Amino acid sequence: MLESKLCQAVIEAVQNLYGLQLAEKDVSLQKTRKEFEGEFTIAVFPFVRVSKKSPEATATEIGQYVKDNLTEVADFNVIKGFLNLQITKEYWLKFLSTHQNEANFGFTKTEESEVVMIEYSSPNTNKPLHLGHVRNNLLGWSVAQILKANGKNVVKVNLVNDRGIHICKSMLAWQKWGNSETPASSGLKGDHLAGKYYVLFDKYYRAEVAEMIATGIEKEIAEKQAPLMLAAQEMLRKWEAKDEVIIKLWETMNAWVYEGFEQTYHRMGIDFDKTYYESSTYLLGKLIVEKGLSDGKLIRKADQSVWADLTADGLDEKLLLRADGTSVYMTQDLGTAHLRHEEYQPKQMFYVVGNEQNYHFDVLKLVLHKLGYKWSDNIYHLSYGMVELPAGKMKSREGTVVDADDLMDEMEKTAYEKALELGKIDDFENEEAKQLYATIAMGALKYFILKVDPQKNMLFNPDESIDFNGNTGPFIQYTHARIKSLLKKASSDLCNIAADIEILPKEKEIIRLLHEYPSVIKLAGENRSPALIANYAFELAKEYNGFYQEITILKEENDDLRNFRLSLSVFTANTIKSAMGLLGIEVPERM
RNA sequence: GGUCCCGUAGCUCAGUUGGAUAGAGCAACAGCCUUCUAAGCUGUGGGCCACUGGUUCGAAUCCAGUCGGGAUCACCA
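Not measured: the values here are computed from a predicted model.

1. Some thoughts on the domain arrangement of chain A
Often, the extent of an interface is quoted as the loss of accessible area on bringing the components together. Segmentation of chain A into domains returns domain 1 (2–87), domain 2 (274–384) and domain 3 (404–582). Between domain 2 and domain 3, the C-alpha centre-to-centre distance is 44 Å. Interface area lost by domain 2 to domain 3 is led by Asn 355, Leu 382 and Tyr 384, which between them contribute 59%. There are 0 residue pairs in polar contact (both at pLDDT 80 or more) connecting domain 2 and domain 3. Looking at the side of domain 2 that touches domain 3, the elements that each hand over two or more residues are β11 (348–354) and β12 (379–384). The greatest single-element share of the side of domain 2 that touches domain 3, amounting to 4 residues, is contributed by β12. Its residues assigned to classes, the side of domain 2 that touches domain 3 shows 4 nonpolar, 3 polar and no charged.

2. Some remarks on the packing of helix α18 (residues 473–489) against helix α21 (residues 559–582)
When two helices pack together, their arrangement is given by the angle between the helix axes and the distance between those axes. One way to put it is that α18 packs onto α21 with a least axis distance of 9 Å and a crossing angle of 145°. Considering the relative orientation of α18 and α21, their crossing is left-handed. On the side of α18, the interface is formed by Gly 473, Ile 476, Gln 477, Thr 479, His 480, Ile 483, Lys 484, Leu 486 and Leu 487, while α21 contributes Leu 566, Ser 569, Val 570, Thr 572, Ala 573, Ile 576, Lys 577 and Met 580. Looking at the contact of α18 with α21 residue by residue, the class counts come to 9 nonpolar, 6 polar and 2 charged.

3. Structural notes on the packing of helix α5 (residues 131–149) against helix α17 (residues 430–450)
Between α5 and α17, the least distance of the axes is 10 Å, while the angle of their chain directions is 85°. Considering the angle they form, α5 stands roughly perpendicular to α17. Contact residues: α5 offers Leu 131, Val 134, Arg 135, Leu 138, Leu 139 and Ser 142, while α17 offers Lys 446, Ile 449 and Leu 450. The residue makeup of the contact of α5 with α17, split by class, is 6 nonpolar, 1 polar and 2 charged.

4. Concerning the pairing of β12
Relative to β12, β11 is paired through 6 bridges, and the arrangement is parallel. The partner of Val 352 across the bridge, within β12, is Leu 382. Taken together, β11, helix α15 (residues 358–370) and β12 form a β-α-β motif whose crossover is right-handed.

5. Observations regarding the sheet that holds strand β8 (residues 299–300)
Pairing is antiparallel in the open sheet, where 3 strands are placed in the order β8-β9-β10. If you trace the sheet from one side to the other, it starts and ends with β8 and β10 (317–321), each paired once. Looking at chain direction, strand β9 (residues 306–309) and β10 are connected through 4 bridges and run antiparallel. Bridged to Val 306 within β10 is Leu 321.

6. A short note on the packing of aromatic side chains
Under the definition given, this model contains 24 aromatic pairs. With a centroid separation of 6.1 Å and an interplanar angle of 35°, the aromatic rings of Phe 105 and Tyr 517 are classed as tilted. One end of the pair, Phe 105, is in the loop between α4 (89–99) and β5 (115–119); the other, Tyr 517, is in helix α19 (residues 505–527), with 412 residues separating them in the sequence. Overall, the relative accessible area of 0% leaves Tyr 517 in the buried class. Taking 5.9 Å as the distance between ring centres and 45° as the angle between the ring planes, the aromatic pair formed by Trp 239 and Tyr 282 counts as tilted.

Cut-offs applied
Residues numbered from 1 in each chain as written. Chains lettered and ligands numbered in written order. Predicted model: local features only at pLDDT ≥ 70, side-chain atom pairs only at ≥ 80, totals over all residues. Heavy atoms only, no water. Domains from an automatic or database assignment. Buried area = accessible area lost by both parts, 1.4 Å probe. Polar contact = N/O pair within 3.5 Å; in protein donor to acceptor, adjacent residues only side chain to side chain. Helix = DSSP H or I, 4+ residues; strand = E, 2+ residues; numbered from the N terminus. Nonpolar A, V, L, I, M, F, W, Y, C, P; charged D, E, K, R; others polar. Axes fitted to C-alpha atoms, helices over the stretch in contact; angles between N-to-C directions. Left-handed = near helix turned anticlockwise from the far one by under 90°. Contact = heavy atoms within 4.5 Å. Parallel < 35°, antiparallel > 145°, perpendicular 65-115°, else oblique. Pairing = 2+ DSSP bridges. Right-handed = clockwise from strand over helix to strand, strands pointing away. Phe/Tyr/Trp six-rings, centres within 6.5 Å; stacked < 30°, edge-to-face > 60°. Buried < 20%, exposed > 50% of the residue type's maximum accessible area, 1.4 Å probe, protein only.

This is the structure in structure tokens:
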């Protein structure tokens, strides 16, 4: 790699000139700012201590050494303490012709033994997916792609939370007020149907509680004693006892929900290699807890409940088994983690879960560590920020939840209106036009969400539809389509690039960006951040658009220049497509 | 209250892990299609990088404190 070659040369220079041995991290190699000549810049301030010369003199000496010893370096210049290196035209042109049509440029070959697991989505089966899940799904799927591009053997898993009191609530409501309604009879998607009854439960339950409070019962007692709540709890007990009627109802309603989820996932373009169901893993944790008890690593209290004492690590005590022996969320996660480790022995286990659960994952790792499972070190919580609305958090009770299916519908409608308005689809077949709205709508949505640093909270304003201009998915898609159109008109093959052409600054900038792509993939993998890929794709598209606007490509009369610019275009289109692919965004051939 | 995260243009976000004069997009205004797709390009205005101190050649970035916002501290998941 050129970058490390440059670093090595600088290390060598400092060693030979000043007798100081540096490590690669001591050399700050960065991109040269646009206003200066050159492609790479090294700040030499750290070296003046040993050179005992001015920054300018030091930079000049190092620059001269590097120029003399590296054929790739054509020249250098020094501004204040900054050494700007200029790379030879030959290097850039060779780079261009070598990689312009390389299938997986920038990707690392998959290492089969590097098994890495990533869990994302993890929905509850009592309501449809909302905007929060959308961020989760897109992040998870994209990070999986990025890890693959970094040579990992990725296993994508989903953990469906298909049991528990909240599931019973929608079941109970359906039983009471459903009149045997089904997705077929109502025309509702299965997950929306279940969600409808979950909301209904909440409505009647709150009415009951209000009524009880009105008769003088205390709020807390009312909430616990409301008949609907008692009935839901009774249903959960029956479920755990495998009551036939309840199990049947549970299976039926969950099947509806899965059908609905599948449609949403499919439309979103995300998938899984394996799906775990909490109903079949929730008991596994008990075995681990019992072993921990007999090993004396956990404590049993007088009421028979089991706890992990984490006070020595600055945390609290954590409940692992209730007094009645039933398991809690943490217990279940211990079991699932263990199961996954047994099944795959992953080198790393990633959990894409919102930052509201930071504490949960700290505890999970700590408890596993305490119980002696060394692989607890391989657990990483990919914590991401909340999606907030202008009014604050989404609240289902206030009806401010942004539904995933509705959101995608809205986006498609906007894409359609926009395309119509701009006359983009006048010569499109019906099917192709439909395909285009979907591609652009999803491109806009995915890019909007993925361009933000995962760690940070982000704002979504439902009143303003997501933009299609500027720093957006469609902007990048458009750039790709534009290049494709250009290439269709250029019938010539692009094979050899002549050596004696002049490279303009705008062209140089594009080459440099393309050259940077592999290290962007690497960085995105290390940081598990699709945002780095997104911002890179935008920068590349923007740079190309500037070039396209200002410089003649097809109509250039000099064949060498024409070929060179077409090569640049091909390479850019390929890289845009590749980068957007890592985000799960398709790029159209025309739009 | 304890712990953790965040605070950059009117708004939404970048800022390559400490480097040069802090950047994009949106919104506003002014231009550019008889020539490769105008979902594009060019230009103008807009900043006490929350505040204060510290570390050093150099800080939006690291450390400490203050203020403001969020999350969490359940026998919910």
